[in-house]
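Inside the fold
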Amino acid sequence: MSRGGADGTPVVRIAMWSGPRNISTALLRAWENRPDTVVVDEPFYAYYLTRVPVDHPGRDEVIAHHETDWRRVVAELLADLPSGRTIFYQKHMAHHLLPEIDRGWLERVTNVFLVRDPREMIVSLARKMGPPTLRDTGLPQQLEIFRAERARTGRTPPVIDAADVLRDPRRALGALCEALGVPFLDAMLSWPPGRRSTDGIWAKYWYDAVERSTGFEPYVPGDRRVPPELRPLADECMAYYDELREERLR
């Protein structure tokens, strides 16, 4: 918890580190539906696209529309919140935190981790952008941040698994809120459909399903039939996932 409200009230800054093709945007909706919360959607994405040669949908548009200076992004993540808002929920893709970005600001936020079975995630990601690499999954970066945070604080940072959230959203989000020291609100379980002004400009390429949603969809196991060309990557990812999943909130 840090000082950072416009009126000097304590603020909980939640940095949620995820990989792609997870339920990260649904969680963004859940937190944005709270009256005490401000949210931000993948603030390092534009900078990432200026540094990494990936063919993402709308790449040039993202760079033109969003902040490309990581130092300014960090300043925004630590800025004061409007009066009456005491939580700042930050949706991050872990692979967007490139090595040259100073990590000092991580000590001023509460770092949390969202994971998904990589066999499901890889298949979904490949449909969107072609065969991914290990870097594209965000799993090595998640584990790096997780280990560093645990070493720094001497405590295990909160980890949630997407499947657990979808099986029982109330229980999973209740456990997460308890770990963060904030009250759980029923408002987190449902939200109006549609796009948000807080969504990144990339929403039209990636958010079609969540824009139609009004809450968390019932859990349905994803397609884990990994095609032969992606199996080596899936096997490599499982080691990262298993280590993080073992520490998840239960």
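Now for a description of the structure that goes with this document. As the structure is a computational prediction, the values presented were derived from the model and not from experiment.

Calculation notes
Residues numbered from 1 in each chain as written. Predicted model: local features only at pLDDT ≥ 70, side-chain atom pairs only at ≥ 80, totals over all residues. Heavy atoms only, no water. Helix = DSSP H or I, 4+ residues; strand = E, 2+ residues; numbered from the N terminus. Rg over C-alpha atoms; globule rule 2.2 N^0.38 Å. Contact = heavy atoms within 4.5 Å. Areas by Shrake-Rupley, 256 points an atom, 1.4 Å probe, with all protein chains shown as cover. Lys, Arg positive; Asp, Glu negative; His and termini not counted. Charge placed at Lys NZ, Arg CZ, Asp CG, Glu CD. Core = buried A, V, L, I, M, F, W, Y, C linked by side-chain atoms within 4.5 Å. Buried < 20%, exposed > 50% of the residue type's maximum accessible area, 1.4 Å probe, protein only. Pairing = 2+ DSSP bridges. Expected span 1.5 Å × (residues − 1). Bend = angle between axes of the 7 residues up to and from the residue. Phe/Tyr/Trp six-rings, centres within 6.5 Å; stacked < 30°, edge-to-face > 60°. Lys NZ or Arg CZ within 6 Å of the ring centre and 35° of its normal.

Here the focus is the overall build of the protein. A tally of regular secondary structure across the protein gives 12 helices and six strands. For the protein, the C-alpha radius of gyration of 17 Å lies close to 18 Å, the compact-globule estimate for 250 residues. Overall, the C-alpha framework of the protein stretches about 55 × 40 × 40 Å when taken along its three principal axes. The long-range fraction of contacts in the protein, counting pairs at least 24 apart against all pairs at least 6 apart in sequence, stands at 77%. Accessible surface computed for the protein: about 11,500 Å², of which carbon and sulfur atoms make up 49%. The protein carries 35 positive and 37 negative side-chain charges, and their two centres are separated by 2 Å.

In terms of nonpolar packing, the biggest core is built from 79 residues, with Trp17, Ile23, Leu27, Trp31, Phe44, Trp105 and Phe216 touching the most fellow members. Other than its neighbours up to four places away in sequence, Leu27 contacts Met16, Tyr89, Leu114, Ile160, Leu173 and Phe216.

What follows deals with the pairing of strand 3 (residues 37-41). Within strand 3, four of the five residues are buried, leaving the element largely enclosed by the surrounding structure. Where strand 3 lies against strand 4 (residues 87-93), five bridges are found, and the strand directions are parallel. Looking across to strand 4, one finds that Thr37 is bridged to Ile87.

It is worth spelling out helix 12 (residues 231-245) at this point. With 15 residues, helix 12 extends 20 Å from end C-alpha to end C-alpha; this agrees with the ideal 21 Å at 1.5 Å per step. Most pronounced at Met238, the bend in helix 12 amounts to some 25 degrees. Buried residues in helix 12 make contact with strand 5 (110-115), helix 5 (118-129), helix 6 (134-137), helix 7 (139-153) and strand 6 (159-161).

A complete count under the given rule lists six aromatic pairs for this structure. Geometrically, the ring pair formed by Trp31 and Tyr89 is stacked, given 5.2 Å between the ring centres and 10 degrees between the ring planes. Here the residue Trp31 occupies a position in helix 1 (residues 24-32), and Tyr89 occupies one in strand 4, the gap between them amounting to 58 residues. The buried category is assigned to Trp31, whose relative accessible area is 0%. On the numbers, 4.8 Å between centres and 80 degrees between planes, the contact of Tyr45 with Trp202 is edge-to-face. With a gap of 157 residues between them, Tyr45 in helix 2 (residues 45-51) and Trp202 in the loop between helix 9 (169-180) and helix 10 (203-206) connect regions that are remote in the sequence. You can call Tyr45 buried: its relative accessible area is 3%. By relative accessible area, which is 2% here, Trp202 ends up buried. One residue, Arg167, lies across the ring of Tyr219, its end atom 4.3 Å from the ring centre.

So yeah, pure geometry; function would need other evidence.
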